[in-house]
Amino acid sequence: MPSVTYIHSDGRAETVTAGDGDSAMITAMQNGVDGIVGECGGGLVCATCHVYVDDAWMEKVGAAATDEDEMLEGVAAERSPNSRLSCQIKMTDALDGLVLRLPDRQF
Ligand code: FES
């Protein structure tokens, strides 16, 4: 099962195991990782699951789809080229070891 490391804005890192096929948002919620709110439950309507994909993982994670890209316009923290909504990142073995950085706020 793939592992994912969340790095908080204060530098704290938490590494947890994801269920295969679970989103990076659900994985954070189920493992008590704070910093991701996921208010809409993955429905792509809240933008409170914003993360910054570590540069080394950008290619494997891929780019946001058009509807996600539009929602990224509404994130609370600064949007970067590596911004993604974690509810749209599906954890698979190909992403084992993924590193996601959390913004300092989701609202
Ligand atoms: Fe609402 Fe990701 S959880 S957009």
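The written sequence of each chain sets the order in which its residues are numbered from 1. With pLDDT at 70 or above as the cut-off, local features in this predicted model cover only qualifying residues; side-chain atom pairs require 80 or more to be listed or tallied, and sums for whole chains, interfaces and linings still use all residues. Computation of side-chain values: all heavy atoms of the structure, hydrogens and water removed.

Help me out: how do you make sense of the overall build of the protein chain in this one?
Under the DSSP-based scheme used, a helix requires at least four consecutive residues in state H or I and a strand at least two consecutive residues in state E, with every element numbered from the N terminus. A tally of helices and strands in the protein chain yields 3 helices and 5 strands. Secondary structure of the protein chain in N-to-C order comes out as β-β-α-β-α-α-β-β. Whereas a compact globule of 107 residues would reach a radius of gyration of roughly 13 Å, the protein chain reaches 12 Å, a difference of no more than 12%. Dimensions of the protein chain along its principal axes, counting C-alpha atoms only, are 30 × 25 × 25 Å. As a reference, a globule follows 2.2 Å times the number of residues to the power 0.38, and the radius of gyration itself is taken over C-alpha atoms.

Can you walk me through the pairing of strand E3 (residues 50–53) in this structure?
In regular strands, side chains alternate between the two faces of the sheet. Remark: exposure states derive from per-residue accessible area (1.4 Å probe, protein chains only) relative to the maximum for the residue type, with buried under 20%, exposed over 50%, and partly exposed in between. In E3, alternate side chains face the same way, and those of His50 and Tyr52 on one face and Val51 and Val53 on the other are all buried. Two strands qualify as a pair provided DSSP detects at least 2 bridges between them. Pairing of E3 with strand E4 (residues 83–85) involves 3 bridges; the strand directions are antiparallel. What sits directly across from His50, in E4, is Leu85. The sheet contact formed by E3 and strand E5 (residues 98–101) spans 2 bridges and is antiparallel. Residue pairing across strands places Tyr52 opposite Arg101, the latter belonging to E5.

Could you clarify how one ought to interpret the sheet that holds E4 in this entry?
Strand pairs in the sheet, formed through backbone hydrogen bonds, run parallel or antiparallel to each other. Read from one edge to the other, the open sheet built from 5 strands follows the order E2-E1-E5-E3-E4, with strand pairing classed as mixed. The outermost strands of the open sheet, each flanked by one partner alone, are strand E2 (13–17) and E4. The sheet shows a mean angle of 35 degrees between the axes of neighbouring strands, taken without regard to direction. With axes taken as lines fitted to C-alpha atoms, and helix axes fitted only over the stretch in contact, angles between N-to-C directions fall between 0 and 180 degrees.

What is the right way to look at the pattern of salt bridges in this model?
Salt bridge, as applied in this entry: a Lys or Arg side-chain nitrogen positioned within 4 Å of an Asp or Glu carboxyl oxygen. Across all of its chains, the model carries 8 salt bridges by this definition. The salt bridge partner of Asp54 is Arg101, with a shortest N-O separation of 2.8 Å. You can see Asp54 sitting in the loop between E3 and helix H2 (58–61) and its partner Arg101 sitting in strand E5, a full 47 residues away along the chain. Close ionic contact of Asp69 with Arg79 constitutes a salt bridge, the shortest N to O distance being 2.4 Å.

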